[in-house]
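Tertiary structure, described
What follows is each chain in one-letter form.
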Amino acid sequence: MTDRNPDATPRSTEEELRRIRIEKVERLRERGDEPFKYAYARTCAIADARDAYERAEAATDDAESIDLPAALAGRITAYRDQGKVAFADLRDESGRIQLFLRRQTLGDEAYDSLRDLDIGDFVGAKGRVFRTRRGEISLRVEELTLLTKSLRPLPEKFHGLTDVETRYRRRYLDLVANPEVKDAFRRRSRMIDAMRRWLTDRGFLEVETPMLHPVAGGATARPFITHHNTYDRDFYLRIAPELYLKRLIVGGFERVFEINRNFRNEGVDTRHNPEFTMMELYEAYQDYLGLMDETEEMLVAVVESVIGGLVFEYQGQTIDCTRPWKRLSLFEAIREYAGIDLEPLKDARDEAARLAQGIGCDITPAMGYGKIVDEVMKEKVQPNLIQPTFLYDYPLEISPLAKKKRDNPNLTERFQPFIARLEIGNAFSELNDPLDQRERFMDQLRQKEAGDEEAQSLDEDYLSALEIGMPPTAGLGIGIDRLAMLLTDSASIRDVILFPQLRVL
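Residues numbered from 1 in each chain as written. Predicted model: local features only at pLDDT ≥ 70, side-chain atom pairs only at ≥ 80, totals over all residues. Heavy atoms only, no water.

1. So, helix α12 (residues 369–381)
Side chains of residues three or four places apart in an α-helix project in the same direction, reflecting 3.6 residues per turn. We count it as follows: Here a strand is any run of E in DSSP of at least two residues, a helix any run of H or I of at least four, and the numbering for each starts at the N terminus. Helices are assigned an expected span. That span is 1.5 Å times one less than the residue count. Only protein chains enter the calculation, and the probe is 1.4 Å; a residue is then buried if its accessible area is under 20% of its type maximum, exposed if over 50%, and partly exposed in between.
Given a rise of 1.5 Å per residue, 13 residues ought to cover 18 Å, and the 17 Å separating the end C-alpha atoms of α12 matches this to within 8%. If you check which residues of α12 are buried, you get Y369, G370, I372, V373, D374, E375, V376, M377 and V381.

Given below as structure tokens:
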């Protein structure tokens, strides 16, 4: 290995560099050195070695007396050759340490074999931790072992991978070249763990439901279709677990939740990915008002657990999750932010379309009254919802699984939480009247026949379950990916999904 990274040579293609490295693999094997080892007995992570040395320093006035052996392992990310002495950067998941490689210590043969190493290789290094004259904690290497030969070069000079498309498409390179990216996914994991703990502490049972559905349902979305060879029939990838979770409520479980993968055959943008993660819960004997309080309590607890407080920055905006959160009916919000009043119109579709078009909303002839209201909300209301806000009481037409509002049958008992313009979730007082539910499904079928590919299908088995009887129930879905965007200050959903869906090259 030389002091210059051959991977940065403009004249060399990646395939030429790969060929050179394969030749090194062959030479190593000819010498009896297997370049792809089975294991390595490291004594600790790099961060632990650094911490142990700093503690030893703090406990003595004579740093020269510190004798701290360590066997570390990781990837070589930089190398500097100064003749009889060389320096390399070794990185594992916990951090980085400098390797001090001296010919006198390693011996001529081992030192000369460094030329067969490349940036990107995994090595094991045994030696003693010390601090150099320049003040850097390092490992004085006594034995260096090649663990895995890297056959392809890392991004040039290891200065990081900046091309966004390449970062998403080759996430493994992104994680190697930009170690800070791992922090977002660690935070995402802590977020899910905090939510799971909040739920299980309150008696919710975590369950698993099918991902292959004979009938697409549980949400308004266009499904993906797959084929089962043994049964010789088509199935739908899950667009939501809702109808199966509510079957469990029928069966006698009173508090259930699932952290689940869903698939929706829809557009891709900074807030939508065809494959995404949701947390859905259902609670018997609860309604949407009580669940709104619980949702606020849970999200505040999750934010505080992950962030360490309730005030944070998201894309240049200061967000304060301190309770209580603002609450507006959907139509109050439209009056406040869009300047029009759609609530008295009820089913007056044409008048709603005229008012919406008058304020610049894109309204198509296929839109019914409910979808017009929803479009006005998305275009004129949602962009103003910076601080945590609940919108509630949505039109019946766009809420086929929610109970009608007690004092207004044209609306449903439904709410959505918004933070920093992001729709974080969706919740209902769940419809448990099987006769009403059948009528709603039939209306969805009429919309499907009229060309709405997102309308829900008729699920006879689910209706049979409702006819057995489902107690009063409230249900909530939280978008894990969007909440992760919020808590990692990420502008795109692709930044919080390890392997987002991309156009095939």
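Don't stop here, the text continues.
2. What about the packing of aromatic side chains?
To describe a pair of aromatic rings, you give the distance between the ring centres and the angle between the ring planes. As a reminder, the rule being used: Whether two aromatic rings pair depends on their centres lying within 6.5 Å, for rings of Phe, Tyr and Trp, where Trp uses its six-membered ring; planes under 30 degrees apart make the pair stacked, over 60 edge-to-face, and the rest tilted.
Tallied over the full model, the rule gives five aromatic pairs. With a centroid separation of 5.5 Å and 55° between ring planes, the pair formed by F87 and F100 is classed as tilted. Of the two residues, F87 is situated in strand β2 (residues 85–92) and F100 in strand β3 (residues 95–102); the sequence distance between them amounts to 13 residues. Seen from their ring centres, F100 and F130 are 5.7 Å apart, and the 70° between their planes marks the pair as edge-to-face. Taken as a pair, F100 in strand β3 and F130 in strand β4 (residues 122–131) lie far apart in primary sequence, 30 residues in all. Assessed through its relative accessible area of 14%, F100 is described here as buried.

3. What about the pattern of salt bridges?
For the record, the criterion: Just to be clear on terms, a salt bridge is a Lys or Arg side-chain nitrogen sitting within 4 Å of an Asp or Glu carboxyl oxygen.
A full pass over the atoms with the stated rule returns 54 salt bridges. Here D108 ties to R103 by a salt bridge, and the two come within 3.3 Å at their closest N and O atoms. Classification of R103 by relative accessible area gives partly exposed; the value is 23%. Close ionic contact of R128 with E142 constitutes a salt bridge, the shortest N to O distance being 3.1 Å. Here E142 lies in strand β5 (residues 137–148) and R128 lies in strand β4, a separation of 14 residues in the sequence. Classification of R128 as partly exposed rests on a relative accessible area of 31%.

4. Details of the pairing of β2
Side-chain positions along a regular strand alternate between the two faces of the sheet. For the record, the criterion: In short, DSSP must find at least two bridges between two strands for them to pair.
Counted residue by residue, β2 has six buried out of eight residues, so it is predominantly covered. Bridge count for strand β1 (residues 69–81) against β2 is six bridges, and the pairing is antiparallel. Residue pairing for β2: Y79 is matched across the bridge by A88. In this structure, the hairpin formed by β1 and β2 is closed by a connection of three residues, where G83 is found at a positive phi of approximately 90°. For β2 and β3, the ladder comprises eight bridges, and the chain directions are antiparallel. Bridge pairing in β3 places L90 opposite I97.

5. What about the packing of helix α11 (residues 349–358) against α12?
Using the following cut-off: Axis definition: a line fit to C-alpha positions, over the contact stretch in the case of helices; interaxial angles, taken between N-to-C directions, run 0 to 180 degrees. Note on angle classes: values under 35 degrees are labelled roughly parallel, values over 145 roughly antiparallel, values of 65 to 115 roughly perpendicular, and the remainder oblique. Take the far helix as the reference: if the near one is turned anticlockwise from it by less than a right angle, the crossing is left-handed, and if turned clockwise, right-handed. Throughout, a contact is declared for two residues whenever any of their heavy atoms are within 4.5 Å. Gly is put with the polar residues, along with every residue not named as nonpolar or charged; the nonpolar set is Ala, Val, Leu, Ile, Met, Phe, Trp, Tyr, Cys and Pro, and the charged set is Asp, Glu, Lys and Arg.
Look at α11 against α12: their axes get within 9 Å of each other, and the N-to-C directions meet at 20°. Classified by the angle between their axes, α11 and α12 sit roughly parallel to one another. Crossing of α11 over α12 shows left-handed handedness. Packed against α11, whose contacting residues are R349, A352, A353 and A356, the element α12 presents Y369, I372 and V376 at the interface. Among the residues making up the contact of α11 with α12, the classes are represented as six nonpolar, no polar and one charged.

6. Some details on helix α1 (residues 14–30)
Heads up, the rule is: Of all possible arcs, the one meant is that of the directions from the helix axis to the C-beta atoms.
An ideal rise of 1.5 Å per residue puts 24 Å on 17 residues; α1 measures up with 25 Å between its terminal C-alpha atoms. Where α1 is concerned, the buried positions are L17, R21, K24, V25 and L28. Buried residues of α1, seen end-on, are gathered within an arc of 105° and therefore sit on one face of the element. Its buried side turned inward, α1 meets β5. Just downstream of α1, G32 is the residue with a positive phi angle, here 85°.

7. A word on the sheet that holds β2
Two strands in a sheet stick together by hydrogen bonds in their backbones, pointing the same way (parallel) or opposite ways (antiparallel). Taken in spatial order, the five strands line up as β1-β2-β3-β5-β4 and close into a barrel, and their pairing is mixed. Averaged over neighbouring strand pairs, the angle between their axes works out to 55° when direction is ignored.

Coordinates in, geometry out; function isn't part of it.
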